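Listed below are the residues making up each chain.
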Amino acid sequence: MAFPINKGDPSSSITHQWRYDVFVSFRGDDTRNNFTSILIGILSHHGINIFLDNEHLRGEEISDKLFEAIESSRISIIVFSKNYAFSTWCLRELVKILECKTKDQQIVLPIFYKVDPSEVRNQKKKFGEALTKHETKFKDKMEVQKWRIALHEAGNIGGWHCKKDHPQFTLIKEVFEVISRVKLNYTKIFDVKYPIGIDSRVEDINLLLDVDSNDVRMLVIHGLPGIGKTTIAKSIYDLIAYRFEGSIFLENVKENSRTNDGKRQLREALYFEILGGGTLKELGAIKRINMRMEMPQHKRILIILDDVDKLIQVTDLLGECNRFAFGSRIIITTRDEKLLSTLQEDYHLTCYNYRLMELDKHESRELFCQHAFKENKPKKGYSELVDLFISYAKGLPLALKIIGSDLYPRDDIRCWKSALDKYKRVLNPNILEVLKISYDGLDQTQRHMFLDIACFLKGLGKDLVENILESCNSYDPYYDIEILKDKSLIFVDKEGKLSMHDLIQQMGLEIIEQESKVSKKHKRLLCYNDASELPDKGLEEVEGITLCFSQPRNMQIDFGRMKKLKYLTVRNLICEDVKYLPNELRLIDWNEFPSPSFPATVSLQKLVALRVPGSHIKLDEHFERCRLTALKYMDFSDCQNITKLPDLSVIAPNIKRLKLDRCKNLVEIHQSVGLLEALEYWSLDYCKNLKMIPRNLKLKSLQRFNLLGCESLWKFPNIGQSTERLALPPSIGNLTSLQYLIIGTKYLNDFPSCFSTLPNLNFLWMLDVEYFPKNLDIPDCFPKLEVLRVMDSNITTLPDISSRFPQLKRLHINDCCNLQKIPRLPSCLVAVEVTGCKSLDSQSSRRLLRQFAEKVGLPRNIVYPRGSSHRDYASETDFPHKKGLSFEIDGEVLIQGSKIPKWFNHQIGGSSISFSVSRKLLPSFAFCVVIQVQKKVRYFKYLSGYYAINIFVDGYKGLHSNTRYIFTQTPPSSSCSYLWVFYIRDSSLEGIILNEGTEVKLQLEFSNNNPEIFEITVEKCGVQIACTCSPPNSAADKVACIRIQERLKVSFDGRLKMFLSRVAADVLPFKQKLDQLSNAQDGYYCPLCEIAEDSVLHLFQCCPFAKRLWYGGRWGFRVEMIQAQSIMEFVEHIIDPPMELLAERVNKDAFTLYAAVAMKILWDAREDALFSNTKASIDQLAHRLNKQYDSYVRSLEITQGTEDQNNESVWTDMPIGVPEIQHQCHPTNTIPTPISSMAQPFLNEDADFNPSPPLKKMRTS
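The structure displayed is predicted, hence computed values, not measured ones.

Asks: Would you take a moment to explain the sheet that holds strand β1 (residues 20–25) for this structure?
Replies: Hydrogen bonds along the backbone pair up the strands of a sheet, which may run parallel or antiparallel. Taken together, the five strands give an open sheet; going across it, the order is β2-β1-β3-β4-β5, and neighbouring strands pair in parallel fashion. Of all strands in the sheet, those with a lone pairing partner are β2 (50–51) and β5 (160–162), marking the two edges. Across the sheet, helix α2 (residues 35–45) touches β1, β2, β3 (73–80) and β4 (107–113), and the angle it forms with β3 is around 155 degrees. Lying over the sheet, helix α3 (residues 64–71) contacts β1, β2 and β3, oriented at roughly 125 degrees with respect to β1.

Asks: Before we go on, may I ask you to explain the pairing of strand β9 (residues 329–334) in this structure?
Replies: The side chains of a regular strand alternate, residue by residue, between the two faces of the sheet. Most of β9 is tucked away, with six of its six residues classed as buried. Note that strand β6 (residues 217–223) and β9 share six bridges and pair parallel. Counterpart to Ile221 in the pairing with β9 is Thr333. As paired strands, strand β8 (residues 301–308) and β9 are joined by five bridges and run parallel to one another. Looking at the pairing, Leu305 lines up with Ile332 of β9.

Asks: Would you take a moment to explain α2 for this structure?
Replies: An α-helical segment advances 3.6 residues per turn. Residues three or four places apart therefore align on the same side. Burial in α2 covers these residues: Phe35, Thr36, Leu39, Ile40, Ile42 and Leu43. Buried positions in α2, seen along its axis, are confined to an arc of 165 degrees and lie on one side of it. Downstream of α2 by a residue or two, Gly47 has a phi angle that is positive, lying close to 85 degrees.

Asks: What is the right way to look at the packing of helix α16 (residues 383–393) against helix α18 (residues 413–425) in this model?
Replies: For the pair α16 and α18, interaxial distance at closest approach is 11 Å and the crossing angle is 15 degrees. Between α16 and α18, the crossing angle belongs to the class labelled roughly parallel. Helix-helix and strand crossings are classified by hand; for α16 and α18 the assignment is left-handed. Each of Leu385, Val386, Leu388, Phe389 and Tyr392 in α16 lies in contact with α18, whose residues at this interface are Ile413, Trp416, Lys417, Leu420, Tyr423 and Lys424. Taken together, the residues of the contact of α16 with α18 sort by class into nine nonpolar, no polar and two charged.

Asks: Please clarify how the sheet that holds strand β10 (residues 350–356) should be interpreted in this entry.
Replies: The sheet built from five strands is open, its strands ordered β7-β8-β9-β6-β10 with parallel pairing. What marks the edges here is a single partner per strand, and that holds for β7 (246–250) and β10. Ignoring which end each strand starts from, the neighbouring axes of this sheet average 15 degrees apart. Of the strands in this sheet, β6, β7, β8, β9 and β10 are in contact with helix α10 (residues 229–240), which crosses β7 at around 165 degrees. Its contacts with the sheet put helix α13 (residues 311–318) on β7, β8 and β9, and the angle it makes with β8 is roughly 150 degrees.

Asks: Could you clarify how one ought to interpret the side chain of Ser731 in this entry?
Replies: Inspection of the secondary structure assignment puts Ser731 in the loop between β24 (726–727) and β25 (740–744). Using a relative accessible area of 11% as the deciding quantity, one classes Ser731 as buried. A polar contact of 3.2 Å, which involves the side chain of Ser731, links it to the backbone nitrogen of Leu697.

Asks: In this structure, what is going on with the packing of aromatic side chains? I would like to understand it.
Replies: The geometry of an aromatic ring pair comes down to the distance between the two centres and the angle between the two planes. As enumerated under the stated definition, the model contains 30 aromatic pairs in all. Ring geometry for Phe80 versus Phe127: centroids 6.4 Å apart, planes at 65 degrees, classification edge-to-face. Remark: Phe127 occurs in helix α6 (residues 125–137) and Phe80 occurs in strand β3; sequence separation between them is 47 residues. Of the residues examined, Phe80 reaches a relative accessible area of 0% and is grouped as buried. Ring centres 5.0 Å apart and planes at 15 degrees place the aromatic pair Trp682 and Phe705 in the stacked group. Note that Trp682 is positioned in strand β22 (residues 681–683) and Phe705 in strand β23 (residues 704–708), a separation of 23 residues in sequence. Judged on exposure class, the residue Trp682 and its partner Phe705 are both buried.

Asks: Just to check I follow, could you spell out the environment of Tyr1189 for this structure?
Replies: On the secondary structure map, Tyr1189 appears in helix α37 (residues 1178–1196). Residue Tyr1189 is classed as buried on the basis of its relative accessible area of 0%. Along the sequence, Tyr1189 and Val1157 sit 32 residues apart, while their C-alpha atoms lie 6.6 Å from each other.

Asks: When you look at the pairing of strand β30 (residues 831–835) in this model, what are you seeing that I'm missing?
Replies: Within β30, five of the five residues are buried, which leaves it mostly tucked inside the rest of the structure. The alternating pattern of β30 places Ala831, Glu833 and Thr835 on one face and Val832 and Val834 on the opposite face, and all of these are buried.

Asks: I'm lost on the pattern of salt bridges in this one. Help?
Replies: Pairs can form between side chains of opposite charge whenever their charged atoms are close. Overall, the coordinates contain 35 salt bridges when judged by the stated rule. The residue Glu363 makes a salt bridge to Arg201 at a minimum N-O spacing of 3.1 Å. Here Glu363, found in helix α15 (residues 361–372), pairs with Arg201, found in helix α9 (residues 198–209); they are 162 residues apart in sequence, far enough to count as distant. Its salt-bridge partner being Arg571, residue Asp589 comes within 3.1 Å of it at the nearest N-O pair. With Asp589 in strand β16 (residues 587–590) and Arg571 in strand β15 (residues 567–574), this pair connects stretches of sequence that are 18 residues apart. With relative accessibility at 7%, the residue Asp589 sits in the buried group. For Arg571, a relative accessible area of 24% translates into the label partly exposed.

Asks: Quick question: what am I supposed to make of helix α17 (residues 397–407) here?
Replies: In terms of residue burial, α17 counts as a mostly covered element, since eight of its eleven residues are buried. Next to the buried residues of α17 lie α15, α16, α18, α19 (429–440) and α23 (502–519).

Asks: Looking at this structure, how should I read a positive patch on the surface?
Replies: Together, Lys82, Lys114, Lys126 and Lys164 give the surface a local cluster of positive charge. Within the element layout of this structure, Lys126 appears in helix α6.

Asks: Looking at this structure, I do not really get the nonpolar core. What am I missing?
Replies: Here is a general trend for soluble globular proteins: nonpolar side chains tend to be buried in one another's company. Ranked by size, the top nonpolar core spans 100 residues in total, and within it Leu581, Trp590, Phe636, Trp682, Leu684, Met766 and Leu788 carry the most contacts. Residues within four places of Leu788 in sequence aside, it is in contact with Leu764, Met766, Phe772, Phe805, Leu808, Arg810, Leu811 and His812. Counting residues in each nonpolar core, the second largest holds 86 residues, with Ile431, Ile468, Leu484 and Tyr633 among its members.

Asks: Hey, could you run me through empty space enclosed by the protein in this one?
Replies: Left-over empty space is what a probe sized like a water molecule reveals as it rolls over the atoms. In total, this model carries ten cavities of 30 Å³ or more according to the counting rule given. Size it by volume and the largest cavity reaches roughly 150 Å³. Put simply, the parts of the chain that give the lining of the largest cavity at least two residues each are α9, α10 and α17. Classifying every residue of the lining of the largest cavity gives eleven nonpolar, three polar and two charged.

Asks: Before we go on, may I ask you to explain unusual backbone geometry in this structure?
Replies: With the exception of glycine, the majority of residues adopt a negative phi angle, and the majority of peptide bonds are in the trans configuration. Cis geometry is adopted by the peptide bond preceding Pro409, which originates at Tyr408 and carries an omega value of 0 degrees. Secondary-structure assignment places Pro409 in the loop between α17 and α18. Even without being a glycine, Asp638 presents a positive backbone phi close to 65 degrees. By the secondary structure assignment, Asp638 is in the loop between β18 (633–635) and β19 (644–645).

What counts, and where the lines are drawn
Residues numbered from 1 in each chain as written. Predicted model: local features only at pLDDT ≥ 70, side-chain atom pairs only at ≥ 80, totals over all residues. Heavy atoms only, no water. Pairing = 2+ DSSP bridges. Helix = DSSP H or I, 4+ residues; strand = E, 2+ residues; numbered from the N terminus. Contact = heavy atoms within 4.5 Å. Axes fitted to C-alpha atoms, helices over the stretch in contact; angles between N-to-C directions. Buried < 20%, exposed > 50% of the residue type's maximum accessible area, 1.4 Å probe, protein only. Arc of directions from axis to C-beta. Parallel < 35°, antiparallel > 145°, perpendicular 65-115°, else oblique. Left-handed = near helix turned anticlockwise from the far one by under 90°. Nonpolar A, V, L, I, M, F, W, Y, C, P; charged D, E, K, R; others polar. Polar contact = N/O pair within 3.5 Å; in protein donor to acceptor, adjacent residues only side chain to side chain. Phe/Tyr/Trp six-rings, centres within 6.5 Å; stacked < 30°, edge-to-face > 60°. Salt bridge = Lys/Arg side-chain N within 4 Å of Asp/Glu carboxyl O. Patch = residues over 30% accessible without salt bridge, like charges linked within 9 Å, V, L, I, M, F, W, Y side chains within 5 Å. Areas by Shrake-Rupley, 256 points an atom, 1.4 Å probe, with all protein chains shown as cover. Lys, Arg positive; Asp, Glu negative; His and termini not counted. Charge placed at Lys NZ, Arg CZ, Asp CG, Glu CD. Core = buried A, V, L, I, M, F, W, Y, C linked by side-chain atoms within 4.5 Å. 1 Å grid on protein atoms, 1.4 Å probe; cavity = no way out; pocket = protein on both sides within 12 Å on 5 of 7 lines; lining within 4 Å. Points joined across faces, edges and corners; volume = space filled by probe spheres on them.

In structure tokens form, the structure reads like this:
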């Protein structure tokens, strides 16, 4: 029969350790002495490791040991027989098995032994009788319902139907063949010690592989050297290899392909594993090195080729790559990003490219600490140092592992500081060896380019770097730069600048130093704070020099000796007189250039970029005599001695980028500048005294023009009479390539009619205008305008935007205090931001909200609850009109405020929230977060960053949004809060929400562009969805809380009574603890056990650490006997315990008091572990529990009583001295003592019982 593979979540954890091959769930009375015994005997005889549940050891309740065995088994076999469902033990096993199938991708093999699968699936005949009996017997209807769901799900899994006339041995043989194939294919080739950051990346790759699809796919994994490509590929192999009929992982393909013997060995390994044949040598093919093998077209295979750097290595091994069986997968790891495009063109496959990114700060911290401390957090006093090492490694796993291992077990802060200082100066040789492999694969010219970028060009625009390198090498360097990118040695950042990883740059500097020692020549000089002076010898060979000091320093430089100098970068250098600059210079990047003019004899005909911001330069007659024909980039920002920009058509006719921002004394610009045909970027922002720009603008290449804050620009020479208002010249209509225009002056009166027809204008930003220009209020204005921003202006109304700007996608109106109305917006609009508009009427706000609701399909009765006015809604969300409103109509709304509306039926502290949904749910919902923005630099107005939303399904990352960019204006105050709403509607959710009660978690990730200016905190979040879980703080919960108060005795301590009530109702809202939590580490996992997701119910009922406290207390209570499904149900059991929960000589009141004190101590211990990074031992907590309980007993004068006990008591009389298996807990009293003798002097270690808030990621059920 076909192999019944589960179609579970492909994102299961790759770090799961399987202790057993098979777990067998069966009803002993039905099959122990026949079918099951034969099955187990045959499997065991053939070396299958089986966990066999000894039914004689079973109690009424399922044990932890059995659950652990299920979790530790690779395969579960369920033998459904006629009386299987009469056993609650079997049913609980079944629920656990299906849970592991979903979360851990455990393989489930059902055998229907003399029962029809439909009887199991639909609970017919004996299965129906059993469930009806359980419903009569058990008060907990929810558990019986879970059993029904589990039986229905298991009945739908493909398996074997063993009928009366079916040969049992044949069936058992088929089962054995399936298990053998799984076991053979699932031989782990990799066992990582600290698998930090692996799971999330494997999940992403699994989504691309989509093993269940039937096409042939190839995936190329690429990234930095030392980023972990091989580690991830091995983890993928371990996770999915069993899903294929043949699989192989070939390591070090590049290294092994260098020799004929190596190539033969690779082919032999591939042939043996995939085709199942002998070696090539046996077939007489050893000499046919160039032989192409054809892949089997009938066999679904997985091939991973690790560390490939040339296409021929792939074709040598895989042949033509176009004859694979359907469903096959090929994975290649490489440092060469472009390898994929070549493969995609040559082979007809579905190809994917996955760039492996560096670890984030939290992952880096944990990985480093595991190697440096052998635990997941720093030791006391080392936290700041750890952050410095993490900053140095920049998320590179190789560096984090090597450095962390080098520091272990050194417990000396001075030693750590010394090591960090050394690492910054000298790259660890083991790291250097790995990083240098990509460098060694470059040709000579590419190596020179890489070293030049590492020393002088990092951080410059990609176009500028290409122009500079083209001038140096006399050919277009585009190809070579692409090679450097493909090998992950450099990359282009979000701003278009060329950059590289800090350790890659340090590798380059190490190479330069080593080459200088060998050649005794200095081609590239780098002088930083520790350099007192330049070397006296070898300056004639210098091609580049960087002089960067943190404080101003006097140093005289003899540039006359540096005839070959191409690159000059200077910061904080004071030179009294620059007499000479070399003619070979391509780059001058000198902040605060000290001289008023360039040397009279200078001839910079090869100069490509001149950047001298904040300099004393005057652009005098010496500059006018220059002929800078190669100059393309010029930056004179903040140069206060410049009064006039001369004739650049003669000086620099090929200029492409001209920046003159904040030149406060600049008055006039030469008319020739308006005729520069190559000029693409021109910025004149805040040139306050500028009065004249060219009348004739024929800048056919100009794409961006900035005229912000030019207060004196009030007339143009072509205007016949003086005027007090600005009018742009008609020639502005000639700027046919213009895409981006920023203009701002309060004297702006109007635009010429030709301006509104600019064919390519995409972005228009107007600042400080009196009213909206009349010439822009015409139909079909700006045919390609997509973004319109109006700021700090006196406008009162806007034109009919729908007809005036038909292509507009984003509208931003900021601090327009007189604006009273916003018209209806076009349907194509995807973003609207309106902030600081104090006069905006409520009708416009309602119209915007209504339009948003209509666009995304949000029900009106949610946005505007029936019977509520708009004013009520605004007060609830805390966004009155004067504070501002901003929202994204395509599914986003950003509102100033700190309260989540009540119509969000789930709310919690932190950046993520969980809820349950059914398979019939329409996959659409609203998600919101409250973020607090704290300004560190008060005058800074603009907040920017990148964000994404992650969607986790049953604990595993299923979807994530595309990373988006936010740029918004903040109010003058030092802090403000925003309510940020996202409407998510994605049909792909339908494919991953498979079961009833699927748990979904939403999480916001935000990357702040300016952490030194803004501190961003995600305070809380909410979701509005049609879910299957009960809403928090429902009326039923409130009634239950009242019932709890009434059922507890009047004498019961009031603080403990309030604590129990608030725990049950999930009302522990203390904001200061939530604020602390935003900075806490590991908030998602229980801080006591550190192995399971944190929740209130987990803390009190399931946490292994908590269980040890319950059991280690006075009476040895087994808390797992309380099978509560919610925290409310758990508290109900505590205040009204069933008889079987009570030990001898313990009455209900004593039990409730003891349990309440234990819960409070556990809550406090959890908070200490989370917020203070301190965790008390079980001995300490047990001692505290007994001491506080005794004090309460004395104060409340509870008398002991005895009641009839159930035989299955969950209490255990503890012997003197708790044995080792009970974790060596030593409570104060190890033998039950009469209540009257329990009173001891009371030391109240925590007199304040004000309950603390739940974890920001803590669920309440």
